[in-house]
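Summary of structural features
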Amino acid sequence: MNQLNEFFRQLLFLPTQASQWSRELDYLHYFVFVTAMLGAWTTLATATVFVFRYRRKTAEQSTPIVDPKPIHEVVFIGLPLVLFLAYFAVGYPQYVRLQTPPKGAMDVYVQGKKWMWKFAFPGGPNSTDVLRVPAGRPVRLLLTSRDVIHSFYVPALRMKQDALPGRYTQIWFNADRPGRYPIFCAEYCGLGHSSMLGELVVMPAEEWDVWMEQQRRGSQPLAQDGQPTAAEEPDLRGSLVDQGRRIAAVQGCFKCHTVDGTQHIGPTWLDLSGRTVKLEGGKTVVADEAYLTRSMMEPNAEIVAGYKDKAVMPTYQGKLSAPDAAAITEFIKSLRTDAPTAEPQKGPIYVPVTGK
Amino acid sequence: MSPSPASSPAYNTPNYLNAEKGVRSWLTTLDHKRIGVMYLALTLFGFFLGGVFALLIRIELLTPGPTVMDAMTYNRMFTLHGVIMIFLFMIPAIPGIFGNFFIPLMIGAQDVAFPRINLLSVYLYLLGAAIAVWGMIQGGTDTGWTFYTPYSTTTVTTVAPVLLGAFILGMGSIVTGLNFIVTVHTMRAPGVTWMRLPLFVWAMYATSVIQVLATPVLGMTLLLVAFEKVFGFGIFDPARGGDPILFQHLFWFYSHPAVYIMILPAMGVVSEVVQSAARKNMFGYKAVAFSSLGIAFVGFFVWGHHLFTSGQSTFASGVFGVLSMFVGLFTAIKVFNWTATLYQGAIQVSAPFVYFMGFLYFLIFGGLTGIALSTVSLDVHWQDTYFVVAHFHFIMVGGTIMAFLAGLHYWWPKMFGKMYSERWALAASVLVMVGFNATFIPQFLLGNMGMPRRYYSYPEQFQALNVASTAGASLLGFGFFLILFYLVASLAKGRASGPNPWFSRGYEWNTPSPPNLLNFPETPVIDRGPHEYQDGPAAEVKHAH
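Per chain, the residues get numbers from 1 upward, laid out in the order the sequence is written. Chain letters and ligand numbers both follow the written order, the letters beginning at A and the numbers at 1. Since the coordinates come from a predicted model, pLDDT governs what is reported: local features require at least 70, and pairs of side-chain atoms require 80 or more to be given and counted, while whole-chain, interface and lining totals use all residues.

Secondary structure elements follow DSSP: runs of H or I of four or more residues count as helices, runs of E of two or more count as strands, with numbering from the N terminus. Helix and strand content of chain B: 17 helices and 0 strands. This radius of gyration counts C-alpha atoms alone. The globule rule is 2.2 Å times how many residues there are, raised to the power 0.38. Radius of gyration (C-alpha) of chain B: 23 Å, near the 24 Å computed for a compact globule of 545 residues. Its C-alpha atoms give chain B principal-axis dimensions of about 70 × 45 × 45 Å. The exposure scheme places C-beta atoms from the backbone and then counts, for each residue, the other C-beta atoms within 10 Å of its own, assigning buried at 20 or more, exposed at 12 or fewer, and partly exposed in between. The buried share among the 545 residues of chain B stands at 63%. Each residue gets a C-beta atom placed from its backbone, and two residues are in contact if those atoms lie within 7 Å. Pairs at least 24 apart in sequence give 85% of the contacts found in chain B among residues at least 6 apart.

With that settled, consider the environment of G274 of chain A. Residues and elements named next belong to chain A. Structurally, G274 is set in the loop between α5 (240-251) and β11 (276-278). Its 12 C-beta neighbours within 10 Å are what place G274 among the exposed residues. Considering only alpha carbons, one finds G274 and E302, 28 residues apart in sequence, at a separation of 16 Å. For G274, the contacting residues outside a window of four places in its chain are A287 and D288.

A few words on the sheet that holds strand β4 (residues 130-134) of chain A. Residue and element names in this part refer to chain A. Strand order in the open sheet formed by 5 strands is β4-β10-β9-β6-β7, with mixed pairing between adjacent strands. Where the open sheet ends on each side, the last strands, each with one partner, are β4 and β7 (159-163). With strand direction ignored, the average angle separating the axes of adjacent strands in the sheet is 25°. Being paired, for any two strands, means DSSP has found at least two bridges between them. As defined by bridge partners, strand β6 (residues 150-154) adjoins β7 across 5 bridges and the pair is classed as antiparallel. Counterpart to V154 in the pairing with β7 is M159. In this description, a line fitted to the C-alpha atoms serves as the axis of each element, helices being fitted only across the stretch in contact, and the angle between N-to-C directions of two axes falls anywhere from 0 to 180 degrees. Running over the sheet, helix α4 (residues 205-217) touches β4 and β10 (198-203) and is turned about 120° from β4.

Moving on to the interface of chain B and chain A. Each partner contributes to the interface: chain B provides 80 residues, whereas chain A provides 74 residues. Residue classes in the side of chain B that touches chain A are distributed as 44 nonpolar, 29 polar and 7 charged. Polar here means any residue other than Ala, Val, Leu, Ile, Met, Phe, Trp, Tyr, Cys and Pro, which are nonpolar, and Asp, Glu, Lys and Arg, which are charged; Gly is therefore polar.

Residue and element names in this part refer to chain A. Domain boundaries shown here were taken from an automatic or database domain assignment. Here chain A is partitioned into domain 1 (2-55 + 68-98), domain 2 (106-217) and domain 3 (236-334). One C-alpha centre belongs to domain 2, the other to domain 3; they are set 26 Å apart. With 8 residues of domain 2 at the interface, the matching set in domain 3 holds 5 residues.

As used here, a nonpolar core is made of buried Ala, Val, Leu, Ile, Met, Phe, Trp, Tyr and Cys residues. They are joined through C-beta atoms within 7 Å. Residues V201, V270, F356, F359, L360 and A406 of chain B are the most contacted members of the largest nonpolar core, which totals 232 residues. Here this core takes 21 residues from helix α9 (residues 244-278) of chain B, the largest share from any one element. Mapping this core onto the domain boundaries places at least three of its residues in each of domain 1 (2-55 + 68-98) and domain 2 (106-217) of chain A. Residues in contact with F356 of chain B, not counting those within four places in the same chain, are V270, V273, V274, A277 and A406 of chain B. Among the nonpolar cores identified, the runner-up in size contains 14 residues, and C253, V259, A287 and F331 of chain A belong to it.

Another aspect to go through is the environment of F236 of chain B. All names here are of chain B. Looking at where F236 falls in the secondary structure, it is placed in the loop between α8 (199-231) and α9. Since 26 C-beta atoms lie within 10 Å of it, F236 is described here as buried. Spatially, the C-alpha atoms of F236 and L218 are 15 Å apart, while their sequence positions differ by 18 residues. Contact partners of F236, with chain neighbours within four places excluded, come to T149, P150, T153, V225, E228, G242, D243, P244, L246 and F247.

Take unusual backbone geometry next. Residue W115 of chain A is bonded to the preceding K114 of chain A through a cis peptide linkage, with omega at -10°. In this structure, W115 of chain A sits in the loop between β1 (106-113) and β2 (116-120). Put simply, T149 of chain B and P150 of chain B share a cis peptide bond, and its omega is 0°. Mapping P150 of chain B onto the fold places it in the loop between α5 (115-139) and α6 (151-154). In this structure, Q344 of chain B takes a positive phi of about 60° despite not being glycine. Locating Q344 of chain B in the fold gives a position in the loop between α11 (314-341) and α12 (351-373). Taking the number of C-beta atoms within 10 Å as the measure of exposure, Q344 of chain B has 17 and is therefore partly exposed. Although it is not a glycine, R454 of chain B adopts a positive phi angle of roughly 60°.

Turning to the packing of α8 of chain B against helix α10 (residues 285-298) of chain B, a few remarks are in order. Residues and elements named next belong to chain B. Interhelical geometry of α8 versus α10 gives an angle of 15° and a closest axis separation of 9 Å. The angle between α8 and α10 places the two elements in the roughly parallel class. Like other packed secondary-structure pairs, α8 and α10 cross with a definite hand, here right-handed. Each of L199, W202, A203, A206, V209 and I210 in α8 lies in contact with α10, whose residues at this interface are V288, A289, S292, L293, I295 and A296. Grouping the amino acids of the contact of α8 with α10 by side-chain chemistry returns 11 nonpolar, 1 polar and no charged. Under this scheme an angle from 65 to 115 degrees is roughly perpendicular, one under 35 degrees roughly parallel, and one over 145 degrees roughly antiparallel; angles in between are oblique. By definition, turning the near helix anticlockwise from the far helix through less than a right angle yields a left-handed crossing, and turning it clockwise yields a right-handed one.

We now examine the pairing of strand β8 (residues 169-173) of chain A. In summary, the side chains of a regular strand alternate between the two faces of the sheet. Residue and element names in this part refer to chain A. With 4 of 5 residues buried, β8 lies mostly within the body of the structure. In this structure, strand β5 (residues 139-145) lies alongside β8, joined through 5 bridges in antiparallel fashion. Following the sheet pairing, L142 is matched in β8 by Q170.

Quick look at the sheet that holds β1 of chain A now. All names here are of chain A. Spatial strand order, β3-β2-β1-β5-β8: 5 strands in an open sheet with mixed pairing. Where the open sheet ends on each side, the last strands, each with one partner, are β3 (126-128) and β8. Ignoring which end each strand starts from, the neighbouring axes of this sheet average 25° apart.

A few words now on helix α3 (residues 70-98) of chain A. Three- or four-residue spacings in an α-helix give side chains the same orientation, since the helix completes a turn every 3.6 residues. Here α3 of chain A contains 29 residues, and its C-alpha end-to-end distance of 42 Å stays within 8% of the 42 Å for a straight helix at 1.5 Å per residue. When α3 of chain A is considered as a whole, its buried residues turn out to be F76, P80, L83, F84, Y87, F88, G91, Q94, Y95 and L98 of chain A. Tucked inside the fold, the buried residues of α3 of chain A contact α2 (20-53), β7 and β8 of chain A together with α11, α12 and α13 (377-382) of chain B. Between the first and last residue of a helix there are one fewer steps than residues, each counted as 1.5 Å, and that sum is the expected span.

Attention now goes to the pairing of β6 of chain A. Residues and elements named next belong to chain A. The element β6 is largely enclosed, with a buried count of 5 among its 5 residues. Because side chains alternate across β6, one face comprises the buried residues H150, F152 and V154, and the other comprises S151 and Y153, equally buried. Between β6 and β7, which pair antiparallel one after the other, the connecting turn spans 4 residues, and R158 there sits at a positive phi close to 55°. Pairing between β6 and strand β9 (residues 179-185): 2 bridges, direction antiparallel. Of the residues in β9, the one forming a bridge with Y153 is F184.

Residue and element names in this part refer to chain B. Interhelical geometry of helix α4 (residues 93-107) versus helix α14 (residues 386-416) gives an angle of 30° and a closest axis separation of 12 Å. Compared by their axis directions, α4 and α14 come out roughly parallel. With respect to the hand of their crossing, α4 and α14 are arranged in left-handed fashion. On α14, the residues that touch A93, I94, F98 and F101 of α4 are F404, G407, W411 and M415. The class makeup of the residues in the contact of α4 with α14 is 7 nonpolar, 1 polar and no charged.

Low-pLDDT stretches of the model should not have their predicted coordinates read in fine detail. All names here are of chain B. Each residue carries a pLDDT score, the predictor's own confidence in it, on a scale running from 0 to 100. This prediction gives chain B a mean pLDDT of 92; 97% of its residues lie at or above 70. In this model residues 538-545 is a low-confidence stretch, pLDDT under 50, and it forms 19 contacts with partners more than four residues away in sequence or in other chains. Both confidence scores are given for the complex: pTM 0.83, ipTM 0.92.

Bringing the confidence of the model for chain A into the picture now. Residue and element names in this part refer to chain A. On average, residues of chain A score 85 in pLDDT, and 88% of them reach the 70 mark or higher. This stretch, residues 219-224, has a pLDDT under 50; its non-local contacts, to residues over four places away or in other chains, come to 7 contacts. Every residue in residues 341-347 scores below 50 in pLDDT, and together they form 9 contacts with partners more than four places removed in sequence or on other chains.

This is the structure in structure tokens:
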């Protein structure tokens, strides 16, 4: 059974199955695939046999009138009808189950906005783009959007739900396989639609409990985002520049700002510090520490010329502590084309889930 | 059988192409055949434009990151591709070209019921197309052809001109539908009973009913969006007290039936082609005729299958899901009857027939993936992914365009009196079908992997299949150019086809090819069903050679 599942999953290029629901959905998928293929190729093979069997012999050959008996049309209607209704009889209850969260599911609020996902556990903490959930426990997502319609999609869970502005929708899942799974936005939402990526981190339940405990105790009160991975673990011995790079990555700054001079949603950070910046409205300002910090806290106060239509940056007031803002400022200051070492970082490169 | 044999002296008048000369005579013509030819030129230009944008999209998707354009340009490209292909080609092409040209010939009428309104529809098409394309290029519309609110009402790009263009194109669609309904009801020649109506006419009749009933809803919806965008009314934008899902309901109430406006005429075309190529009357004529009406009817009650993941009620999703399967059922009836028509036939494997076989293959897989999508739960994974993109391209390109090509090759000699090179035609058909499979089969797999549609960039694991798809698309594009090339060449150098090169007994072949300006010098009286080949060569056809 397991091997059969694995065979079809790979044959159809399906991603890992991270929940029981996704496994059952795939079983229906295989059943539909096999029966549909049989039906299709039987019909096409019949047509092909007729083509070879009944080739035209003379240009104006006559042929008999063949009209169907009622039984023919009954079979033509009955066979597909039975098959289609069988699909539906399995598929619809699956759908109903997905729409009906069990009692006692843990709630997580999900907010889509151009172009990021924000998650909030009712008792804290909040995070951006990274959602950590315990394996084996049902989670109910309550989705909404701050601007246009987005759609929360986790291929590994075979699960998708639109996030609508002005109302909440819900869906639930019970991920049982620890791992890191991509989150996509499936509803077209503009410039950053395809970079509105997130990650679902399914942790063994005990580990998640410990993590949550730490979060709630406030041992790391400043971490508003998903926990840094081992590679991103804060190294307090590191320079402010290194800390700034890490914090900027965790806060999702690189979704809009590049560090290599490339134009993106927001102005690039390369050579930004100390430059005289032209603002919307004709004024200019020198990009010193004060300006950089102000831009993090009140992004719409002074908009760089040409970015009026793209002014989508949220405020980081209350999300960045003073030391964090300082670290990011130092990091921006380090980004210079004339700096002795080339800057290898190229923005938020998405790390795909390893293994199929 | 008394339509005059095509070679009778009564037909010694100039054909419709030569009867009048000059550009002015074309621009002011009321002749349904010339209007059909004008639609051919216009919609093919639309197809060319839409195809160029499709290739640009495929080139951009060659690499995971930016390839040749920025995200904004990409978003505009897929909007242009969708709007142009749907409103300027898929919806008007077969009704505008073949419907106009052949409905009167098939029912023994001199013209459609309202020739002036028919000419008006051409100008509505031109005006709407000009406004929509100009508006999109000038204003850089980036909403996708679905115009989902509140994105479309809050985007910084210009949307109103496209909506106005689509509104005007919709008017053209409505008057064409109305014209065909009245024509079929009132202008059938003696002997053309409803049960002898060629199946193409049945399919066009069903299509026209949808056009007349559904298109006004599109008009209203577009007006509401325009009001919201221009005057700031809160209809769909929740920030102003509106409901964004209401837009999706109204939009799909038109746009799902519109899918059947695109595929039903195609089903009509292949019904004619398969009967002629197999020299057989349709197996289950009534089943095929009435299933067209069935699709037209049920098609109005399935729009909610676009909203399975939108948060609509679970019960509603179930009802829409099961009703959607009935569309598949009616389609299956047609597929089985077309296949059974080959039984005991006398099949000539020519270009039109090859396209018929391609159509059958693509429609079966396009249809079955549609059934899979309407099993509700599976759609949760596939909604808004490349699986859906591949599914509707199988129906639209694999179904409608294969049927369009089948019809174009079958009726080319009828319309222009010239034969194209059969060898080139077969080569191009192979190219088109291989290219099509290579383009869209990888997209099914991308959808299974979970790649959402309208993605400018994508994670690296999706690259291999995207490259395969782009390779297929270039093959497909090359195939289409080849077809254009040999068809145009045949107009200049092709040999004369004679009145009936296929020895077909469809009613439209009872006139010379190309037909005269006046279709029938004397009112034809029909005394047999279309495509009955049981009694040896028909007298009039034999006479013609």
